[in-house]
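# Examining the three-dimensional arrangement
Read off the chains here:
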Amino acid sequence: MLRKIMRRHSVVAIWFLAPSAFGFLVFYLIPFAMGVWYSFMDRPNDGSFVGFANYKELLASDSFRKAAKNTFLFTSVSVPITIAISLLLALLLNQSIYFRNWLRTAYVLPLVVPVASVVLIWQVLFDWNGAVNSWLHEFNLSRIDWMKSEWARGVLSVVYAWKNMGYNLILFLAGLQNIPKDYYETADLEGASSFHKLIRITLVYLTPTLFFVVLMGLISSFRIFRETYLIAGDYPHDSIYMLQHYMNNMFLALDIQKLTSAASVMVVCLLVLVSGMFALERRFTKDLD
């Protein structure tokens with residue numbers, strides 16, 4: 001009887017999952033497999049197999065190396081800073097402070113506001129005649145061309161942190177509230193300091209959440225093209241020329257071989273990062289258990 005019920009539930013679940021699975025297959029998996037195949041051809045239509053020639057040409061491209069370097073620098077700097085700020089804010093908002101609920105709402109607002117509309121505010125702030133330069137002028141400081149200089153990477157990091165801090169904050173708050181209070185009470189009885197409670201209890205039991213936040217932060221850092229394009233336009237400063245810019249330019253030039261090769265390389269890098277994160281998570285979770 002139980003097997004019949006389980007079989008019936010499995011059939012119902014398959015029917016509910018079938019549309020999503022079909023859409024993923026048609027719009028994601030099959031196009032990606034075709035793109036990988038095209039990356040080994042000399043042209044999309046009636047092409048010949050050329051092996052890794054397209055990848056060698058891609059790695060020899062100065063534009064691709066610059067885009068890969070900028071993407072790596074942005075990810076390695078912006079993601080840790082954003083996660084650290086999010087964790088500090090979560091620890092603060094997890095306490096009984098005044099206006100706590102209002103502050104939580106304020107940090108979550110960027111998640112529900114469309115990026116295209118809010119980016120206009122950032123343009124007003126960091127334009128040559130924007131608000132930030134007006135404030136600098138009031139203090140007798142020279143204006144800065146924020147988006148046409150090395151400062152562009154910093155502006156983009158601020159936008160990334162503003163956009164993703166709320167999501168990280170929700171996850172950290174959920175993880176903090178799942179830590180049993182008994183551990184802190186026992187630590188208080190033993191005379192442990194706040195620092196030791198943070199290191200030995202909070203961060204230890206927050207490890208699974210921290211790994212997930214880092215994983216999502218790495219993935220979202222590879223999708224910063226939208227904000228960059230809306231703020232800096234088609235031709236951004238060299239410091240914020242990302243992999244997505246390179247692939248977008250290859251698409252406009254109809255250079256399918258470089259486009260598919262760059263996309264394949266980016267996917268492989270993401271798979272390596274994600275696999276490494278899951279391996280570390282399993283090891284730390286095993287030690288925690």
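Scroll up to find the structure.
In this report, we go over the structure that sits alongside the text.

Cut-offs and rules
- Each chain has its residues counted from 1, running along the sequence as written.
- In keeping with the predicted nature of the model, local features appear solely for residues at pLDDT of at least 70, side-chain atom pairs appear and are counted solely at 80 or more, and the whole-chain, interface and lining totals rest on all residues.
- Excluded from the side-chain calculation are hydrogens and water; included are all heavy atoms of the structure.
- For this analysis, a nonpolar core means a set of buried residues of the types Ala, Val, Leu, Ile, Met, Phe, Trp, Tyr and Cys, connected via side-chain atoms within 4.5 Å.
- Exposure classes here rest on a 1.4 Å probe applied to the protein chains alone. A residue is buried below 20% of its type maximum, exposed above 50%, and partly exposed in between.
- Numbering of helices and strands runs from the N terminus; a helix is a DSSP stretch of H or I covering at least four residues, while a strand is a stretch of E covering at least two.
- Should any heavy atoms of two residues lie within 4.5 Å, those residues are considered in contact.
- Starting at the helix axis, one direction is taken to each C-beta atom, and the arc is that of these directions.
- One side-chain nitrogen of Lys or Arg within 4 Å of one carboxyl oxygen of Asp or Glu is enough to make a salt bridge.
- All axes are obtained by fitting lines to C-alpha atoms, using only the stretch in contact for helices, and the reported angles, taken between N-to-C directions, cover 0 to 180 degrees.
- Throughout this description, any angle smaller than 35 degrees is read as roughly parallel, any larger than 145 degrees as roughly antiparallel, any in the 65 to 115 degree range as roughly perpendicular, and the remainder as oblique.
- Note: crossing handedness is left-handed where the near helix turns anticlockwise from the far helix by less than a right angle, and right-handed where it turns clockwise.
- Amino acids are sorted into nonpolar (Ala, Val, Leu, Ile, Met, Phe, Trp, Tyr, Cys and Pro), charged (Asp, Glu, Lys and Arg) and polar (every other residue, Gly among them).

## A few points about the nonpolar core
Within the largest apolar cluster, 37 residues are counted, with the highest numbers of intra-cluster contacts made by Trp146, Met147 and Phe172. At the level of secondary structure, the elements contributing two or more residues to this core comprise α3 (62–93), α5 (115–126), α6 (131–138), α7 (151–177) and α11 (225–232). At 11 residues, α7 tops the list of elements feeding residues into this core. In contact with phenylalanine 172, other than residues within four places in its own chain, are Ile83, Ser86, Leu87, Ala90, Leu206, Thr209, Leu210 and Val213. Counting residues in hydrophobic clusters, the runner-up holds 13 residues, among them Leu243, Tyr246, Met250 and Ala262.

## Here's the deal with α11
Listing the buried residues of α11 in full gives Phe225, Glu227, Thr228, Ile231 and Ala232. All buried residues of α11 project into a common sector of 165 degrees when viewed along the axis, lining one side. Phi for glycine 233, located one or two positions after α11, is positive at around 85 degrees.

## Digging into the pattern of salt bridges
Side-chain pairs of opposite charge can arise where the charged atoms are in close proximity. Per the counting criterion, the structure on display carries six salt bridges. Lysine 258 serves as the salt-bridge partner of glutamate 57, at 3.8 Å between the closest nitrogen and oxygen. Linking glutamate 57 in helix α2 (residues 53–59) with lysine 258 in helix α13 (residues 256–288), this pair joins segments that are 201 residues apart in sequence. Judged by its relative accessible area of 44%, glutamate 57 is partly exposed.

## Focus on the packing of α7 against helix α10 (residues 207–221)
Put simply, α7 and α10 touch, their axes get as near as 10 Å, and they point 160 degrees apart. One element, α7, and the other, α10, form an angle in the roughly antiparallel class. In terms of crossing hand, the pair formed by α7 and α10 is right-handed. Taking contact as the criterion, the partners of Tyr160, Asn164, Tyr167, Asn168, Leu171, Phe172 and Gly175 in α7 are, on α10, Thr209, Leu210, Phe212, Val213, Met216, Gly217, Ser220 and Ser221. Broken down by class, the residue content of the contact of α7 with α10 amounts to eight nonpolar, seven polar and no charged.

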